[in-house]
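Coordinate inspection notes
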Amino acid sequence: MPMRLILRALITISPLAILTAQAWADAEIVIAIRYLRAQGTSHSHLYLYREEGKLLRQLTNDNSGQDSGPIFAPNGSMIVFTREKPNNVREFWSIDPRGTGLKKLDAAPDWYAATKSSPYFTNREDEKPEASGSASPSASPQESALPSATMAPTYKSPDGSVELVLQTLRSDEDQQYNGPGHGKHFLVRDLKSGREIEMGKLRGFSGLYDLLDINDDPNRHFIFEGTLRVAFFDLHLNSTDGDTSYALDLNDWRLVNLSPNWAAPIPLPGEPAFLTLTENRYVQIPGSSKTANCSYIEHWDEKLNKIRYARENTAAVCYGASMYRPDKTPAVITIRKRAE
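Residues numbered from 1 in each chain as written. Predicted model: local features only at pLDDT ≥ 70, side-chain atom pairs only at ≥ 80, totals over all residues. Heavy atoms only, no water.

**Points about the overall build of the protein chain**
How we decide: By definition, any uninterrupted DSSP run of H or I lasting at least four residues is a helix, any uninterrupted run of E lasting at least two residues is a strand, and each is numbered from the N terminus. Only protein chains enter the accessibility calculation, which uses a 1.4 Å probe; a residue whose area is less than 20% of its type maximum is buried, one above 50% is exposed, and one in between is partly exposed. Throughout, a residue-residue contact means that at least one pair of heavy atoms, one from each residue, lies within 4.5 Å. Computed with a 1.4 Å probe, the accessible areas rest on the Shrake-Rupley method; for each residue, only the protein chains presented here act as cover.
A count of helices and strands for the protein chain gives two helices and 25 strands. Per-residue burial for the protein chain yields a buried fraction of 50% across its 340 residues. Of the contacts formed within the protein chain by residues at least 6 apart in sequence, a portion of 47% connects residues at least 24 apart. Approximately 16,700 Å² of the protein chain is accessible, and the part contributed by carbon and sulfur atoms is 51%.

**So, the sheet that holds strand E4 (residues 66-72)**
Convention followed: Here, strands pair whenever DSSP counts at least two bridges between them. Axes here mean lines fitted to C-alpha atoms, for a helix over just the part in contact, with angles spanning 0 to 180 degrees between N-to-C directions.
A sheet is described by the order of its strands in space; here four strands give the open sequence E4-E5-E6-E7, paired in antiparallel fashion. Single-partner strands in this sheet number two, and they are E4 and strand E7 (103-105). Here the strands of the sheet are splayed against their neighbours by 30° on average, with no regard to which way each runs. In this sheet, strand E5 (residues 79-85) lies alongside E4 in antiparallel orientation, the contact comprising five bridges. Within E5, the position partnered with Ser-68 by the bridge is Thr-82.

**Some remarks on the pattern of salt bridges**
Short version of the rule: Think of a salt bridge as a Lys or Arg side-chain nitrogen and an Asp or Glu carboxyl oxygen that are within 4 Å of each other.
All told, the structure shown has 15 salt bridges when counted by the stated rule. As a salt-bridge pair, Glu-91 and Lys-104 come within 3.5 Å of each other at their nearest N and O atoms. With a gap of 13 residues between them, Glu-91 in strand E6 (residues 89-95) and Lys-104 in strand E7 connect regions that are remote in the sequence. Residues joined by salt bridges that share partners form a network here, namely Asp-62, Asp-67 and Arg-83.

**Some thoughts on the packing of aromatic side chains**
Going by this rule: Two aromatic rings, drawn from Phe, Tyr or Trp (for Trp, its six-membered ring), form a pair once their centres lie within 6.5 Å of each other, and the interplanar angle then sorts them: stacked below 30 degrees, edge-to-face above 60, tilted otherwise. The criterion for a charge sitting over a ring is simple: Lys NZ or Arg CZ within 6 Å of the ring centre, and within 35 degrees of the ring normal.
If you walk through the whole model with that rule in mind, you get 10 aromatic pairs. Centroid distance Tyr-35 to Tyr-47: 5.7 Å. Interplanar angle 80°. Geometry classified as edge-to-face. Highlighted residues: Tyr-35 in strand E1 (residues 28-35) and Tyr-47 in strand E2 (residues 44-50), separated in sequence by 12 residues. For the pair formed by Tyr-35 and Tyr-47, the shared burial category is buried. Ring geometry for Phe-222 against Phe-224: centres 5.8 Å apart, planes inclined by 85°, an arrangement best described as edge-to-face. Here the aromatic cluster, defined as three or more aromatic residues joined through ring pairs, consists of Phe-121, Phe-232, Phe-274 and Trp-300. In this structure, Arg-308 packs its charged tip against the face of Tyr-296, placed 3.8 Å from the ring centre. When the ring centre of Tyr-112 is taken as origin, the NZ or CZ atom of Arg-336, which lies over that ring, is 5.2 Å away.

**As for the sheet that holds strand E25 (residues 332-335)**
Strands sit in the order E3-E2-E1-E24-E25 across an open sheet of five strands; the sheet is antiparallel. Every other strand in the sheet has two partners, leaving strand E3 (55-58) and E25 as the edge strands with one partner each. Direction aside, neighbouring strands of the sheet carry axes that sit 20° apart on average. With four bridges connecting them, strand E24 (residues 316-324) and E25 associate as antiparallel partners. Of the residues in E25, the one forming a bridge with Ala-321 is Ile-335.

**Observations regarding the nonpolar core**
Using the following cut-off: Definition used in this section: a nonpolar core is a set of buried Ala, Val, Leu, Ile, Met, Phe, Trp, Tyr and Cys residues joined via side-chain atoms within 4.5 Å.
Residues Ile-31 and Leu-275 are the most contacted members of the largest nonpolar core, which totals 42 residues. Of all the secondary-structure elements, those providing two or more residues to this core are E1, E2, E5, E6, strand E21 (274-284), strand E22 (291-300), E24 and E25. When residues in this core are grouped by element, the largest group, seven residues, is from E24. Each residue touching Leu-275, except ones within four places of it in the same chain, is listed here: Ile-29, Ala-264, Pro-265, Ile-266, Leu-268, Glu-298, His-299, Tyr-309, Met-323, Ile-333 and Ile-335. Leu-164, Phe-186, Leu-202 and Leu-250 belong to the second-largest nonpolar core, a separate cluster that totals 20 residues.

**Things to note about the confidence of the model for the protein chain**
Heads up, the rule is: The predictor attaches a confidence to each residue, called pLDDT, with possible values from 0 through 100.
Summary statistics for the protein chain give a mean pLDDT of 87 and a share of 84% for residues scoring 70 or more. Counting contacts from residues 1-24, a segment whose pLDDT is below 50, to residues more than four positions away or on other chains yields four contacts. Taken together, the stretch residues 126-148 has pLDDT below 50 and engages in 50 contacts with residues farther than four places along the chain or on a different chain.

**Brief notes about unusual backbone geometry**
Here Thr-329 and Pro-330 are connected by a cis peptide whose omega angle stands at -5°. The phi dihedral of Trp-253 falls on the positive side, at around 50°, and the residue is not glycine. Of note, Trp-253 is situated in the loop between strand E18 (242-249) and strand E19 (254-257). Owing to a relative accessible area of 9%, Trp-253 belongs among the buried residues under this scheme. Here Tyr-282, not a glycine, exhibits a phi torsion of approximately 55°, which is positive. When you line up the elements, Tyr-282 lands in strand E21. Owing to a relative accessible area of 46%, Tyr-282 belongs among the partly exposed residues under this scheme.

Now the structure itself:
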């Protein structure tokens, strides 16, 4: 290829590459992680990552307590966190994202105390439709064409292009309880082309139960952001593994398991992506035969590719996280140690 054509191609693609890199580079996420050890006491420290998964730096390393609840200031200039010490002693500290200016505070700033966990998708145990097939407030009951079907709650996507019909058959034994195989007769329907398919025939299906909704808005069941088009379901596995959750990818009409155990999806408004607070049970602690129930923050893009904000092959517990996105609204996404 002539040199001038190579240069022209580079000039053509470079602006897009720069914009993509800049979009990633602007957003940072701070995680409080406790890496569990085979022996001795492990401690939670703060770690700062780029959104695309690159570890920038470890921000704290004090072993006098457990660092938890990191939250970016509204302008991203500093991170405030809690240091939990023995005898119920709680201290408040601040540090800037560059890892300098570590300072003990007399009290938590008002904005820190007032910050709640950002909205997340959840299964509402006390708001599930009755066995008769009554719909949730956001759904419109619909009589199914299948024989012996219940009245089916129907959920339409925000842009009106797709609807989900959660129909079950009274004659199908799998449909009578929350477990593997349930939901095989649920429908995903393209309202523009008329195409529809039972979810039991989708790639990745093993069972679906509830359609999840946002904890502060029971009428919101989808994330439609740019090229990301998903809805979320839960399923009970067994008493050992508990519940799990699935993303229904409405681009490729497939199901993606977000965790062998539970994962709570957390939207990133203005981005074709979401986070999950992911539970992994019975993770082996390196260097021992012991196992522990662990939790991690993970990032999922529009293709449902996953990034885990933690060292590989580790048993860890997340003690909270916060993301600063200077060009998005809201600029700060917060995940408290326990959902609020």
